[in-house]
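Summary of the model geometry
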Amino acid sequence: MVRPVGWRSISSWSCIRCGRCCRLLVPVKIGEALYYQKEYGANVIEYFNKGFHLKKKGDGYCIFLDWVKGRAHCSIYHFRPKACVLYPFYIYKKPLYNDSEIALFQFFNEQYYVYIDADCTGINRGYIPINNVIGNIILYWMEKLDFIESENMHVLKRV
Ligand code: SF4
């Protein structure tokens, strides 16, 4: 379960690799599902509720999660699903609730409604203002960036 709140109620964000989100359901598109099955075997993906998802281990954590010195380490970090790259951000073209002002984000003359999972441990951490983070998240969501490094928000541009 996630608890989406409008981005204006958050000041900053930086992933601290607590691993909490690695227990959430991770939906993957069919192209992603085929890629992971080809690279890592059929048992890393499961299908239910009319969708593909990354499989969980017996402890409830993602099948690709390792722990390194107490910190969550994604073993497919540079190839992780789009849903994981975007987390804890959720972007829509229409507001989810009657809270359009707190979620509205104006970006290059376009309006987006941006929500953040209030349960992410990285909320209000880090030094990069949340509106700067969201710009990169929207570019990735629009497929104009190839990659986002969650811990320090390094990005790679599409060529
Ligand atoms: S995105 Fe948030 S919940 Fe997930 S590992 Fe980073 S700080 Fe923890």
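Just above, that's the structure.
In this report, the structure presented in the accompanying data block is examined. (Residues numbered from 1 in each chain as written. Predicted model: local features only at pLDDT ≥ 70, side-chain atom pairs only at ≥ 80, totals over all residues. Heavy atoms only, no water.)

**Concerning the nonpolar core**
Grouped together as the largest cluster of nonpolar side chains are 25 residues, with contacts concentrated most on Phe-89, Val-114, Ile-130, Ile-134 and Ile-138. Elements that contribute at least two residues to this core include exactly α2 (82-86), β7 (89-92), β8 (104-107), β9 (110-117), α4 (130-141) and β10 (145-149). Not counting residues up to four positions away in its chain, the partners in contact with Phe-89 are Trp-13, Val-114, Tyr-115, Ile-116, Ile-130, Val-133, Ile-134 and Ile-137. Of all hydrophobic cores here, the second largest spans 14 residues; its members include Ala-33, Cys-62, Leu-65 and Ile-76. (Core = buried A, V, L, I, M, F, W, Y, C linked by side-chain atoms within 4.5 Å. Buried < 20%, exposed > 50% of the residue type's maximum accessible area, 1.4 Å probe, protein only. Helix = DSSP H or I, 4+ residues; strand = E, 2+ residues; numbered from the N terminus. Contact = heavy atoms within 4.5 Å.)

**Observations concerning the sheet that holds strand β4 (residues 51-54)**
Strand order in the open sheet formed by 3 strands is β2-β4-β3, with antiparallel pairing between adjacent strands. Each having just a single partner strand, β2 (27-28) and β3 (45-48) make up the two edges of the open sheet. Taken together, the 4 bridges between β3 and β4 define a ladder with antiparallel strand orientation. From the neighbouring strand, Tyr-47 faces β4, where its bridge partner is Phe-52. (Pairing = 2+ DSSP bridges.)

**Details of the site of the ligand**
What surrounds the ligand is the set Cys-15, Ile-16, Arg-17, Cys-18, Gly-19, Arg-20, Cys-21, Tyr-87, Cys-120, Thr-121 and Gly-122. For the shell around the ligand, the residue count by class is 6 nonpolar, 3 polar and 2 charged. (Near = heavy atom within 4 Å. Nonpolar A, V, L, I, M, F, W, Y, C, P; charged D, E, K, R; others polar.)

**Regarding the pairing of strand β6 (residues 71-74)**
In terms of strand pairing, strand β5 (residues 65-68) meets β6 through 4 bridges, oriented antiparallel. Within β6, the position partnered with Trp-67 by the bridge is Ala-72. What sits between the antiparallel neighbours β5 and β6 is a turn of 2 residues, in which Lys-69 has the positive phi angle 50°.

**Some remarks on helix α1 (residues 30-40)**
Buried within α1 are the following residues: Glu-32, Ala-33 and Tyr-36. Buried residues along α1 cover an arc of 100° about the axis, so they all sit on one side. The exposed residues of α1 that point more than 90 degrees off its buried face are Ile-30, Leu-34 and Lys-38. Packed against the buried residues of α1 are β2, β3, β4 and α2. Phi turns positive one or two residues past the end of α1, at Gly-41, with a value near 105°. (Arc of directions from axis to C-beta.)

**What to know about α4**
Helix length check: α4 (12 residues) gives 16 Å between terminal C-alpha atoms against 16 Å at 1.5 Å per residue, within 8%. Residues of α4 that are buried: Ile-130, Val-133, Ile-134, Gly-135, Ile-137, Ile-138 and Tyr-140. Count one or two residues on from α4 and you reach Glu-143, which has phi positive near 65°. (Expected span 1.5 Å × (residues − 1).)

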